[in-house]
Amino acid sequence: MLAGKRILLIIGGGIAAYKCLDLIRRLRERGADVTPVMTRAAEEFVTPLSVSALAGQEVHRDLFDLTKEAEMGHINLSRVADLVLVAPATADLMAKMAAGLANDLASTLLMATDTPVMIAPAMNVRMWDHPATQRNIKTLMSDGMGFIGPNEGDMACGEFGPGRMSEPLEIVAALETRLTAGPLTGKRILVTSGPTHEPIDPVRYIANRSSGAQGTAIAEALRDLGAEVVFVTGPADAARPTGVHVIEVESAREMHKAAHAALPADAGIFAAAVADWRVASASASKIKKTKGGLPVLEFAENPDILAEISQLSDGRPALVVGFAAETDDVVENATAKRLRKGCDWIVANDVSPSTGIMGGSENAVVLISDDGAESWPRMGKTEVARKLAQKLAEKLAQALSS
Ligand code: CTP
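Residues numbered from 1 in each chain as written. Predicted model: local features only at pLDDT ≥ 70, side-chain atom pairs only at ≥ 80, totals over all residues. Heavy atoms only, no water.

Before going further, it helps to examine the packing of aromatic side chains. All told, the structure shown has zero aromatic pairs when counted by the stated rule. Geometry around tryptophan 376 places lysine 387 over its ring, the cationic atom sitting 4.8 Å from the centre. (Phe/Tyr/Trp six-rings, centres within 6.5 Å; stacked < 30°, edge-to-face > 60°. Lys NZ or Arg CZ within 6 Å of the ring centre and 35° of its normal.)

Put into structure tokens, the structure is as follows:
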């Protein structure tokens, strides 16, 4: 499936660089063309000679190589590829990417490229867990970089934990998924996810129990079918999906703004548990206890993002999908909600505490559309997401052909 695909492979300087030799072999076995770039540090771990022998091409190493600049400038080198793969992506390389530095060939290529970038991180577990790396991961994810791994396991340094580079075959599989055209290739889809936090004062807020797991799984399923996903998430517990454009927000009003800014889109899936109300005037300073008195909170209604986007006369996505979190009369309430909001589909679920759905890993949903109510058996949130993404792809294809 990689036949004819051009991969620009940037090899960072870490012990896992040795795995690149096997990786290059695996990629070439599948018909990919691999153009290798090595950082100075990478050359301490594997020799340019071995890399170029396996790639069947010379290794690019220098930013200021005027002969090469005349033949193929570094900007061009980064653009002719179908995908840029950074493996191993060291903590240092990731920090440079997150900061937008361009002070050697690898970082300059990464800044200059307009093709998708996937990175396979590899580093010591403490470096992975370090707040600076965690900050950089967030930035890179929201810049739309695809992450492959890292895996958890024994490390060359003798420690155990996340930070081991994915195995060559896992990297190959991730590239195949990314580069194979799927039914949603060329489609842009907005997904909202997670809870919102509505401030009371600088330290307190009103929230809900949404973990963001279902929205995250949906974003990943859409990505796997080839969609370009814009993922607007509130402060959710679930790890952010990789390979999608992540926009972090806190409140319903911020989510409202970000969702509109993400349009136009071919479809919108509104999986977020948006707070219906906010505190009308959040206090700018911490509310203090006063003897005998209790604070009185006044509420104001938040904008209904789903209803607004469903009812846009101009720029409405072709398919708008809402969720209905209900505790009673699930189908009746959700059917009425679909009509009230003006969306095409409602994915209804029973979030009564006894179901364990909110915050859990499974979901039992009823899909409500023009065709009526379709009950799906209880299944993992990942399966719900895959089934929904598949149905959405079929619907968009039908809409195009009719
Ligand atoms: N929703 C939204 N903006 C809001 C409230 C809800 O976009 N301000 C979306 C949710 O993302 C979900 C759908 O509307 O897709 C339904 O959310 P739900 O909380 O079930 O419905 P509500 O409109 O809040 O109605 P109620 O609380 O009365 O059941």
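As a further point, take the domain arrangement of the chain. The assigned domain composition of the chain is domain 1 (1–180) and domain 2 (182–402). The distance between the C-alpha centroids of domain 1 and domain 2 comes to 34 Å. Summed over both sides, the interface between domain 1 and domain 2 buries roughly 710 Å², with carbon and sulfur atoms accounting for 54% of that surface. For the interface between domain 1 and domain 2, the tally reads zero salt bridges. Counting the contacts that link domain 1 with domain 2 gives one residue pair in polar contact (both at pLDDT 80 or more). Counted by class, the side of domain 1 that touches domain 2 contains three nonpolar, five polar and three charged residues. (Domains from an automatic or database assignment. Buried area = accessible area lost by both parts, 1.4 Å probe. Salt bridge = Lys/Arg side-chain N within 4 Å of Asp/Glu carboxyl O. Polar contact = N/O pair within 3.5 Å; in protein donor to acceptor, adjacent residues only side chain to side chain. Nonpolar A, V, L, I, M, F, W, Y, C, P; charged D, E, K, R; others polar.)

Taken in spatial order, the five strands make up an open sheet running β2-β1-β3-β4-β5, and their pairing is parallel. In this open sheet, the two strands that pair with only one neighbour each are β2 (33–38) and β5 (146–147). Here six bridges tie strand β1 (residues 6–11) to β2, and the two strands are oriented parallel to one another. In the strand pairing of β2, arginine 6 is matched with aspartate 33. Of the strands in this sheet, β1 and β2 are in contact with helix α2 (residues 48–55), which crosses β2 at around 170 degrees. (Pairing = 2+ DSSP bridges. Helix = DSSP H or I, 4+ residues; strand = E, 2+ residues; numbered from the N terminus. Contact = heavy atoms within 4.5 Å. Axes fitted to C-alpha atoms, helices over the stretch in contact; angles between N-to-C directions.)

With that settled, consider the environment of proline 88. Tracing the chain through its elements places proline 88 in strand β3 (residues 83–89). Overall, proline 88 belongs to the buried group, its relative accessible area being 0%. For proline 88 and arginine 386, which are 298 residues apart along the polypeptide, the C-alpha to C-alpha distance reads 30 Å. Residues contacting proline 88, with those up to four places away along its chain left out, are Ile11, Gly12, Gly14, Ala16, Ala17, Cys20, Leu93, Ala120, Ala122 and Met165. (Buried < 20%, exposed > 50% of the residue type's maximum accessible area, 1.4 Å probe, protein only.)

This brings us to the pairing of strand β6 (residues 151–154). Relative to strand β7 (residues 160–164), β6 is paired through four bridges, and the arrangement is antiparallel. Across the sheet, glycine 153 pairs through a bridge with glycine 161, a residue of β7. Linking β6 back to β7 in an antiparallel pair, the connection comprises five residues, with glycine 158 at a positive phi of about 95 degrees.

Where nonpolar side chains cluster on the molecular surface, the patch consists of Ile15, Tyr18 and Phe45 and spans about 330 Å² of accessible area. Mapped onto the fold, tyrosine 18 is located in the loop between β1 and α1 (19–29). (Patch = residues over 30% accessible without salt bridge, like charges linked within 9 Å, V, L, I, M, F, W, Y side chains within 5 Å. Areas by Shrake-Rupley, 256 points an atom, 1.4 Å probe, with all protein chains shown as cover.)

In this section: helix α10 (residues 213–224). Here α10 spans 16 Å end to end across 12 residues, near enough to the 16 Å set by a 1.5 Å rise per residue. Where the residues of α10 are buried, they touch β8 (188–193), β11 (228–233), β13 (267–270), β16 (319–326), β18 (362–363) and α14 (381–401). Looking at the residues trailing α10, positive phi occurs at glycine 226, about 100 degrees. (Expected span 1.5 Å × (residues − 1).)

Our focus in this paragraph is the pattern of salt bridges. In this structure the tally under the stated criterion is 24 salt bridges. Close ionic contact of arginine 40 with aspartate 62 constitutes a salt bridge, the shortest N to O distance being 2.8 Å. Of this pair, arginine 40 sits in the loop between β2 and α2 while aspartate 62 sits in the loop between α2 and α3 (66–71), and the two are 22 residues apart along the sequence. Under the relative-accessibility criterion, aspartate 62 is labelled partly exposed at 37%. With a closest N to O distance of 3.2 Å, glutamate 159 and arginine 126 form a salt bridge. Of the two residues, glutamate 159 sits in the loop between β6 and β7 while arginine 126 sits in helix α7 (residues 125–129), which places them 33 residues apart along the sequence. Overall, the relative accessible area of 61% leaves arginine 126 in the exposed class.

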